[in-house]
Amino acid sequence: MGAKKKAAAKSSNAMWGGRFKAGPAEIMERINASIDFDRRLYAQDIAGSMAHCRMLVAQGIVSARDGKAIQGGLKRILGEIEAGTFTFSRRLEDIHMNVESRLAELIGPAAGRLHTARSRNDQVALDVRLWARDAIDRVEPMLRDLQAALLDKAEAHAATIMPGFTHLQTAQPVTFGHHLLAYVEMVGRDRSRFVDCRARMNESPLGAAALAGTPYPIDRHATALDLGFAGPMANSLDAVSDRDYALEFMAAASICAIHLSRLAEEIFIWCSAPFRFIALSDAFTTGSSIMPQKRNPDAAELVRAKTGRIVGDFQTLAMVMKGLPLTYSKDMQEDKEPLFDACDSLELGIAAMAGMVRDLTPNTERMLAVASADYSTATDLADWLVRTLGLPFREAHHATGVLVGMASARGVPLDELKLEDMKSVNPGITGEVFKALTVQASVAARTSFGGTAPANVRKAATAARKRFLGAPKRR
């Protein structure tokens, strides 16, 4: 056996003990190693090890002297990683063994005592859970900031009229502020999903060991409290095999990404030449390599596209977990890359969307012109017939349809039909009807709770700011 192979075999034996006489095949090393991506867990891994060490010392399982050496070594390793001087090795497979190996180099045999009453199974379960919890603590404030951006723009445009659509056809006029407040509500639900997810994941698997617990007199409640958990997980088998929290995080991320994608699609449409509802600055658009006139909303397009990655990441882990018997299987190593990717993509998408919302400038004249076209106040005519003449709504709907057909045949809007034409359909109609047929009157009339009347929008924005942001807008 060559020197390199002997060294590899010796390293493998050091990791796995006397059961294995030879090192792994090169392809086994490649498929088995996770350090290329799980190095991101270094802070959580070291934090978990420090908490475990403190508990071992408190329980008299490890001496105070060894505990102090372990703590000092772990702090030094943390500093090395953060300084970029730490050398990661694929040969050591993962972040846990890389840290443990370096700890042994720094403090000697005492490093081996750290793994007492612990397995890599509960160690990795802890690390990923801590990472996911930290991810939520980053994402949730970002969503709050997106809501703040939407609210600022909504309040500024509480009375800016735009067309409301169904089937992407002009339906009824609404205000731009009202439209943006719909996304404030969506993002609010996203925030609540992440908060709920965090609460459910906030239990510690540490101390479950490989799967069955440990005979050492450990204190799982102490380590749970030390790491900010509500308590330890109740079942050791569940503790090492559960990835619900990662699936739930990615499910919440998927729904959130779909909301971002819907707004991104609207921004994409609104920026297009046929619409021209808004403009984005150079900060969130790009040009064309051949067409100098182009201003492409690439940021919105990429937010829209990343939704596929996030939903795909959820699907990836769901398929990994769907057939696994209890407890731990190496399949679970595949939980990290989709989780990391989903979080990275979501954070980038949220930040880009908040930036675009703050950057966009509405073309109020164009919005008003389109809102005024295509007989968008037809429903207001029907409502007037019901309220003023007492017609059943279906009869009023039919009469309005006849009048819309008449106006369309003549190429004029409803409010340019002559009173005589309207009376020919229903003789009870008076000149007062024309007051209801402007888009301004249509919007102002929608005063029901949750409606688009500008006064409603202002009140709703104030209420949403208090409900979601907890404070009034700073002036």
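Residues numbered from 1 in each chain as written. Predicted model: local features only at pLDDT ≥ 70, side-chain atom pairs only at ≥ 80, totals over all residues. Heavy atoms only, no water.

Novice: Can you lay out the packing of aromatic side chains for me, pointing to particular residues and giving the numbers?
Specialist: Scanning all chains against the criterion turns up six aromatic pairs. Considering the side-chain rings of Trp 131 and Phe 340, the 4.7 Å spacing of their centres and the 55 degrees angle between planes classify their relative orientation as tilted. Placement of Trp 131 in helix α7 (residues 120–156) and of Phe 340 in helix α13 (residues 336–359) is noted, with a sequence separation of 209 residues between them. Judged on exposure class, the residue Trp 131 and its partner Phe 340 are both buried. When the ring of Phe 194 is compared with that of Phe 249, the centres are 5.5 Å apart and the planes differ by 55 degrees; the resulting orientation is tilted. In this pair, Phe 194 sits in helix α8 (residues 176–201) while Phe 249 sits in helix α11 (residues 244–271), placing the two residues 55 residues apart along the sequence. Here the two residues Phe 194 and Phe 249 agree in accessibility, since each one is buried. In this structure an aromatic cluster arises from ring pairing among Phe 165, Phe 275 and Phe 277. (Phe/Tyr/Trp six-rings, centres within 6.5 Å; stacked < 30°, edge-to-face > 60°. Helix = DSSP H or I, 4+ residues; strand = E, 2+ residues; numbered from the N terminus. Buried < 20%, exposed > 50% of the residue type's maximum accessible area, 1.4 Å probe, protein only.)

Novice: Summarise the nonpolar core; cite the residues concerned and give the values.
Specialist: Ranked by internal contacts, the top residues of the largest apolar core, which has 89 residues, are Leu 146, Leu 150, Phe 194, Phe 249, Ile 267, Leu 346 and Met 353. Considering every element that reaches this core, the biggest residue donor is α11, with 15 residues. For Phe 249, the residues in contact, after removing those within four places along its chain, are Ala 132, Ala 135, Ile 136, Phe 194, Cys 197, Leu 339 and Cys 343. In terms of nonpolar packing, the next biggest core, distinct from the first, is built from 18 residues, Leu 381, Trp 384, Leu 385 and Leu 391 among them. (Core = buried A, V, L, I, M, F, W, Y, C linked by side-chain atoms within 4.5 Å. Contact = heavy atoms within 4.5 Å.)

Novice: Requested: an account of the pairing of strand β1 (residues 161–166), with residues and values cited.
Specialist: As defined by bridge partners, β1 adjoins strand β2 (residues 169–175) across six bridges and the pair is classed as antiparallel. Across the sheet, residue Gly 164 finds its bridge partner in β2, namely Gln 172. The hairpin turn running from β1 into β2, its antiparallel successor, is two residues long, and His 167 in that turn takes a positive phi close to 55 degrees. (Pairing = 2+ DSSP bridges.)

Novice: If you had to explain the side chain of His 96 to someone new, which residues and values would you point to?
Specialist: Tracing the backbone through its elements, the reader meets His 96 in helix α6 (residues 95–107). Residue classification places His 96 among the buried positions, given a relative accessible area of 4%. A distance of 2.7 Å separates a polar atom in the side chain of His 96 from a polar atom in the side chain of Asp 45. (Polar contact = N/O pair within 3.5 Å; in protein donor to acceptor, adjacent residues only side chain to side chain.)

Purely spatial values, then, with no claim about function.
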